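What follows is the residue order along each chain.
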Amino acid sequence: MSAPRDPAARPQTRIQARNTRAILDAALEVFSAQGFRGATLDQIATEAGLSKPNLLYYFPSKEAIHLALLGGLLDVWLAPLRALDPEGDPRGEIMGYMRRKLDMSRQMPRESRLFANEILQGAPRLKGLIEDDLKTLVDEKAAVIRRWADQGRIAQVDPYHLIFSIWALTQHYADFEMQVRAVLGPDRDPFDEAGIFLDMMFSRLLATD
């Protein structure tokens, strides 16, 4: 797979840094809407307001742009789970994680769809990182949740499926936002309503009495 030109090899000028940001933002828009296979360099260049030869000065291929986006995205995607504190209040920590994931869906819908598209394709560009970084982190936090359950501080729940359910019930609002908004109508905020509903649902799920 082609890699983006090494930005550390030569410091970027202000214009070069601006163009790099424009390309990555344009690519995020195109990839999240079209998927990797449907996206083209011409579409990304047009969205960025650059010529295709100018785009290729910064990134030698569509694959290089996609890899640059995904590489930064995985760290962002894992941050809410990393913030789950083993020494904190169990219910507060799990509920806080759920809210952070819902906030991310509200604030970063294109990134959510980009990640979902990669997974739906079999994660050809992220498989190694998912099987390493993501799995290691989920194993670590699942052990924390299991310990809390064994201590009677939360209900007995399968920690992995708890985490999966948080992913599913929060990322749905980004990945299927158009469907959600079409069903609810223009006068309702799906994210505010989801926050109330998910607070109630997970509070009951985790309750020990």
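Residues numbered from 1 in each chain as written. Predicted model: local features only at pLDDT ≥ 70, side-chain atom pairs only at ≥ 80, totals over all residues. Heavy atoms only, no water.

Caption draft 1: Examining the overall build of the protein more closely. Helix and strand content of the protein: 10 helices and zero strands. Scanning the protein from its N terminus toward the C terminus, one meets helices and strands in the order α-α-α-α-α-α-α-α-α-α. Across its three principal directions, the C-alpha atoms of the protein cover 65 × 40 × 30 Å. Residue burial in the protein is summarised as follows: out of 209 residues, 43% are buried. In the protein, once contacts between residues fewer than 6 apart in sequence are set aside, the share between residues at least 24 apart is 70%. As displayed, the protein has an accessible area near 11400 Å², and 54% of this comes from carbon and sulfur atoms. (Helix = DSSP H or I, 4+ residues; strand = E, 2+ residues; numbered from the N terminus. Buried < 20%, exposed > 50% of the residue type's maximum accessible area, 1.4 Å probe, protein only. Contact = heavy atoms within 4.5 Å. Areas by Shrake-Rupley, 256 points an atom, 1.4 Å probe, with all protein chains shown as cover.)

Caption draft 2: Expanded view of the packing of helix 1 (residues 14-38) against helix 2 (residues 41-48). For the pair helix 1 and helix 2, interaxial distance at closest approach is 8 Å and the crossing angle is 145 degrees. Between helix 1 and helix 2 lies a crossing of right-handed hand. Taken together, the residues of helix 2 that come into contact with helix 1 (itself represented by Ala-22, Ile-23, Ala-26, Ala-27, Glu-29, Val-30, Phe-31, Gln-34 and Gly-38) are Gln-43, Ile-44, Glu-47 and Ala-48. For the contact of helix 1 with helix 2, the residue count by class is eight nonpolar, three polar and two charged. (Axes fitted to C-alpha atoms, helices over the stretch in contact; angles between N-to-C directions. Left-handed = near helix turned anticlockwise from the far one by under 90°. Nonpolar A, V, L, I, M, F, W, Y, C, P; charged D, E, K, R; others polar.)

Caption draft 3: Here's a closer look at unusual backbone geometry. The phi torsion at Ala-123 lies on the positive side, around 50 degrees, for a residue other than glycine. Among the secondary structure elements, Ala-123 is positioned in the loop between helix 6 (109-120) and helix 7 (127-150). For Ala-123, a relative accessible area of 7% gives the class buried.

Caption draft 4: Examining helix 5 (residues 90-107) more closely. With 18 residues, helix 5 extends 26 Å between its outermost C-alpha atoms, agreeing within 8% with the 26 Å of an ideal straight helix rising 1.5 Å per residue. Structurally, helix 5 contributes buried residues whose contacts are with helix 4 (62-82), helix 6, helix 7, helix 8 (159-175) and helix 10 (190-206). (Expected span 1.5 Å × (residues − 1).)

Caption draft 5: Up close: the pattern of salt bridges. Following the criterion strictly, the structure yields 10 salt bridges and no others. Among the ionic pairs, Glu-29 bridges to Arg-110, the shortest N-O distance being 3.1 Å. Residue Glu-29 is found in helix 1, and its partner Arg-110 is found in helix 6; the two are separated by 81 residues along the sequence. Owing to a relative accessible area of 32%, Glu-29 belongs among the partly exposed residues under this scheme. (Salt bridge = Lys/Arg side-chain N within 4 Å of Asp/Glu carboxyl O.)

Caption draft 6: Expanded view of the packing of helix 1 against helix 4. Contact geometry for helix 1 and helix 4: axes closest at 10 Å, N-to-C directions at 100 degrees. Classified by the angle their axes make, helix 1 and helix 4 are roughly perpendicular. For the pair helix 1 and helix 4, contact is made by Ile-23, Leu-24, Ala-27, Leu-28, Phe-31, Phe-36 and Arg-37 and by Lys-62, Glu-63, Ile-65, His-66, Ala-68 and Leu-69, respectively. The residue inventory of the contact of helix 1 with helix 4, partitioned by class, reads nine nonpolar, one polar and three charged. (Parallel < 35°, antiparallel > 145°, perpendicular 65-115°, else oblique.)

Caption draft 7: Layout of the packing of aromatic side chains. Counted under the stated rule, the structure contains five aromatic pairs. Ring centres of Phe-31 and Phe-36 lie 6.0 Å apart, and the angle between their planes is 20 degrees; this geometry places the pair in the stacked category. By relative accessible area, which is 0% here, Phe-31 ends up buried. Judged by its relative accessible area of 10%, Phe-36 is buried. Arranged with centres 6.2 Å apart and planes meeting at 55 degrees, the rings of Tyr-173 and Phe-191 form a pair that is tilted. Of this pair, Tyr-173 sits in helix 8 while Phe-191 sits in helix 10, and the two are 18 residues apart along the sequence. Grouping residues by exposure puts Tyr-173 and Phe-191 together as buried. (Phe/Tyr/Trp six-rings, centres within 6.5 Å; stacked < 30°, edge-to-face > 60°.)

Caption draft 8: Inspection of the environment of Leu-169 at higher detail. Assignment of secondary structure puts Leu-169 in helix 8. Look at Leu-169 and you get partly exposed, because its relative accessible area is 30%. Considered as a pair, Leu-169 and Ile-44 are 125 residues apart in the sequence and their alpha carbons are 31 Å apart. Once residues lying within four places of it in the same chain are set aside, the contact partners of Leu-169 are Leu-198, Met-201 and Phe-202.

Caption draft 9: Structural context of helix 6. Relative to the 16 Å expected for 12 residues at 1.5 Å per residue, helix 6 spans 16 Å between its end C-alpha atoms, a close match to the ideal helical length. Listed in full, the buried residues belonging to helix 6 are Pro-109, Glu-111, Ser-112, Leu-114, Phe-115, Ala-116 and Glu-118. In this structure, the buried residues of helix 6 make contact with helix 1, helix 4, helix 5, helix 8 and helix 9 (177-184). In the segment just after helix 6, Gly-122 is the residue with positive phi, at about 95 degrees.

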